[in-house]
Amino acid sequence: MGYKVNPQTSKHDIHPLDPVFYYIGSRWLMIPIWIASVLIGVWISSTLNDWTWLNRFSTVGILIGTLLTLSPLFRGGIYLSNAEAFGFASLDEDGKTTSTSEEGRAVSINIVIGVILIIISTVINGFGDYFVGLIK
């Protein structure tokens, strides 16, 4: 089942990254990526006889688990994930019901920032020493 916007959803309740986040919240996508990351870690570790690679790739697994834990936020939409916390529904200029407020949408952007920070931090945690070694 792919990402589809409800035609009755106000344009103010739709974040441009909603389609990407929708798939991040899919166990059918994330679990195979997790399995692949562990298998790649085992393969590289055994090939190079350096088991730190398994640790590196397991950080990707931590990232995937964290993101999957947050899937209710992703599947419902970035702005709509906090809609109930920001007041009552109203009509937008197109006559569609909007469930979010401007303030709520501004706060919900923290979800996007948080995911970016999780991804960057996980890569640094798992592969930082390797990247520094490439620079030297």
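Remember, it's a predicted structure, so these values are computed and weren't measured experimentally.

Turning our eyes to something else, we now look at the pattern of salt bridges. Under the criterion given, the structure shown has one salt bridge. A salt bridge links Arg56 to Asp129; the nearest nitrogen and oxygen atoms lie 2.6 Å apart. Of the two residues, Arg56 is situated in helix H3 (residues 52–69) and Asp129 in helix H5 (residues 102–135); the sequence distance between them amounts to 73 residues. Residue classification places Arg56 among the buried residues on the basis of a relative accessible area of 8%. The class for Asp129 is exposed, based on a relative accessible area of 52%.

Residues Ile119, Val123, Tyr130, Phe131 and Leu134 make up a contiguous nonpolar surface patch of roughly 420 Å² in combined accessible area. Mapping Tyr130 onto the fold places it in helix H5. In this structure Tyr130 comes out as partly exposed when scored by relative accessible area, which is 35%.

The next subject is the environment of Leu17. For Leu17, the location among the structural elements is in the segment before helix H1 (18–24). Each C-alpha atom, one on Leu17 and one on Val112, is 8.4 Å from the other, the two residues being 95 residues apart in sequence.

For Arg56, the side chain forms a polar contact with the side chain of Asp129, separated by 2.6 Å. With residues near it in sequence (within four places) discarded, Arg56 still touches Gly126, Phe127, Asp129 and Tyr130.

The biggest cluster of nonpolar side chains holds ten residues, and these are Phe21, Ile24, Met30, Leu63, Ile64, Leu67, Phe74, Ile111, Val112 and Val115. When contributions to this core are tallied by element, the ones reaching two or more residues are H1, H3 and H5. In this structure, Ile64 is in contact with Met30, Ile33 and Trp34, ignoring residues within four places of it in sequence.

Thresholds applied
- Residues numbered from 1 in each chain as written.
- Predicted model: local features only at pLDDT ≥ 70, side-chain atom pairs only at ≥ 80, totals over all residues.
- Heavy atoms only, no water.
- Salt bridge = Lys/Arg side-chain N within 4 Å of Asp/Glu carboxyl O.
- Helix = DSSP H or I, 4+ residues; strand = E, 2+ residues; numbered from the N terminus.
- Buried < 20%, exposed > 50% of the residue type's maximum accessible area, 1.4 Å probe, protein only.
- Patch = residues over 30% accessible without salt bridge, like charges linked within 9 Å, V, L, I, M, F, W, Y side chains within 5 Å.
- Areas by Shrake-Rupley, 256 points an atom, 1.4 Å probe, with all protein chains shown as cover.
- Polar contact = N/O pair within 3.5 Å; in protein donor to acceptor, adjacent residues only side chain to side chain.
- Contact = heavy atoms within 4.5 Å.
- Core = buried A, V, L, I, M, F, W, Y, C linked by side-chain atoms within 4.5 Å.

By themselves these figures say nothing about function.
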